[in-house]
Amino acid sequence: MSDVKSNLRQVRASLPEGVRLVAVSKFHPAEKLMEAYADGQRIFGESHEQELRTKHEQLPKDIEWHFIGHLQTNKVKLIVPYVSMIEAVDSIRLLREIERQAERQGRAEVRVLLELHLAEEATKYGLTPDDCRQLLSDGEWRTMKHVRICGLMMMASNTDDEARIEREFQMASDLFDEFKSTFFAADDAFCERSWGMSDDYRLAVRHASTMVRIGTTIFGPREY
Ligand SMILES: *Cc1c(COP(=O)(O)O)cnc(C)c1O
């Protein structure tokens, strides 16, 4: 069995029922994705627009592509035709551009997650809890017919301090519950909690993750 296949099976076996796996394939060649695809994997995560487009051309069309990286507004139009979910929406400007491009390009609905910034690293993107609350209570998103907010995404701090990581996941989970009851109580589509990567997904699933994004553990180290 190939490494990718056996890694994938190990990861799947360790996920509780109901947690979906995004195989993060950025910087890995199409052949490696095909190994995962051959073993039934259909959701892949990419973080660069050009790479996503190339792989979309090369690979089977029933793959669900999740854009997981920071997305510049001028790149939105390039990925809207291919992307199943945009996971890291961190501004109303970006949300507006997704709406505009989805309408122009005839996409009935683009699913998105709002990215929370809870980690202590200053470099990470994302909305603070207050910014996220503000964006939702402003309500402009309710007028958008082609964008569907399906939940929250976050990255925990890059640290060995497991207690801290768990606190951040729990904070994200609490915010999800707050937003769900305040803004999405009648909206079944708002259901995703995307947290957990190779180093911390075992902690993430203890804190209500519904979607883990795992690269290195499946595909090995990335070659930049
Ligand atoms: C690269 C990346 C991952 C996967 O990280 P691994 O440590 O390789 O599992 C997950 N989420 C985001 C947003 C990423 O950019």
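What you are looking at is a predicted structure, and each value in this text was computed from that prediction instead of being measured.

Here we look at the layout of surface pockets
Okay, step 1: Looking at the largest pocket, its volume works out to about 880 Å³.
Okay, step 2: Lining the largest pocket are 35 residues, and of these Lys26, Lys124, Met155, Met197 and Arg222 lie nearest its centre.
Okay, step 3: Here the lining of the largest pocket takes 3 residues from helix 8 (residues 201–204), the largest share from any one element.
Okay, step 4: Among the residues forming the lining of the largest pocket, the class breakdown is 13 nonpolar, 11 polar and 11 charged.

Some details on the packing of aromatic side chains
Okay, step 1: One pass over the structure, following the stated rule, counts 5 aromatic pairs.
Okay, step 2: Between Trp141 and Phe184 the ring centres are 4.8 Å apart and the planes differ by 35 degrees, which places this aromatic pair in the tilted class. Highlighted residues: Trp141 in the loop between helix 6 (129–138) and strand 6 (147–154) and Phe184 in the loop between helix 7 (162–183) and strand 7 (192–194), separated in sequence by 43 residues.
Okay, step 3: One aromatic cluster is present, built from ring pairs that chain together Trp141, Phe176, Phe184 and Phe190.

Some words on a negative patch on the surface
Okay, step 1: Taken together, the side chains of Asp160, Asp161, Glu162 and Asp199 make up a negatively charged region of the molecular surface.
Okay, step 2: Turning to its location among the elements, Asp161 is positioned in the loop between strand 6 and helix 7.

Considerations on the site of the ligand
Okay, step 1: Residues in contact with the ligand, as listed here, are Val24, Lys26, Ile68, Met153, Met155, Met197, Ser198, Arg213, Ile214, Gly215, Thr216 and Arg222.
Okay, step 2: The side chain of Thr216 places a nitrogen or oxygen atom 2.6 Å from an oxygen atom of the ligand.
Okay, step 3: Across the complex, the protein chains shield 90% of the 390 Å² of accessible surface that the ligand would expose by itself.
Okay, step 4: Mapping the ligand onto the cavity grids shows that it belongs to the largest pocket.
Okay, step 5: Here the residues of the shell around the ligand are counted per class, giving 6 nonpolar, 3 polar and 3 charged.

Each value, and the rule that gives it
Residues numbered from 1 in each chain as written. Predicted model: local features only at pLDDT ≥ 70, side-chain atom pairs only at ≥ 80, totals over all residues. Heavy atoms only, no water. 1 Å grid on protein atoms, 1.4 Å probe; cavity = no way out; pocket = protein on both sides within 12 Å on 5 of 7 lines; lining within 4 Å. Points joined across faces, edges and corners; volume = space filled by probe spheres on them. Helix = DSSP H or I, 4+ residues; strand = E, 2+ residues; numbered from the N terminus. Nonpolar A, V, L, I, M, F, W, Y, C, P; charged D, E, K, R; others polar. Phe/Tyr/Trp six-rings, centres within 6.5 Å; stacked < 30°, edge-to-face > 60°. Patch = residues over 30% accessible without salt bridge, like charges linked within 9 Å, V, L, I, M, F, W, Y side chains within 5 Å. Areas by Shrake-Rupley, 256 points an atom, 1.4 Å probe, with all protein chains shown as cover. Salt bridge = Lys/Arg side-chain N within 4 Å of Asp/Glu carboxyl O. Lys, Arg positive; Asp, Glu negative; His and termini not counted. Charge placed at Lys NZ, Arg CZ, Asp CG, Glu CD. Near = heavy atom within 4 Å. Polar contact = N/O pair within 3.5 Å; in protein donor to acceptor, adjacent residues only side chain to side chain. Sits in = over half its atoms within 2 Å of the grid points.

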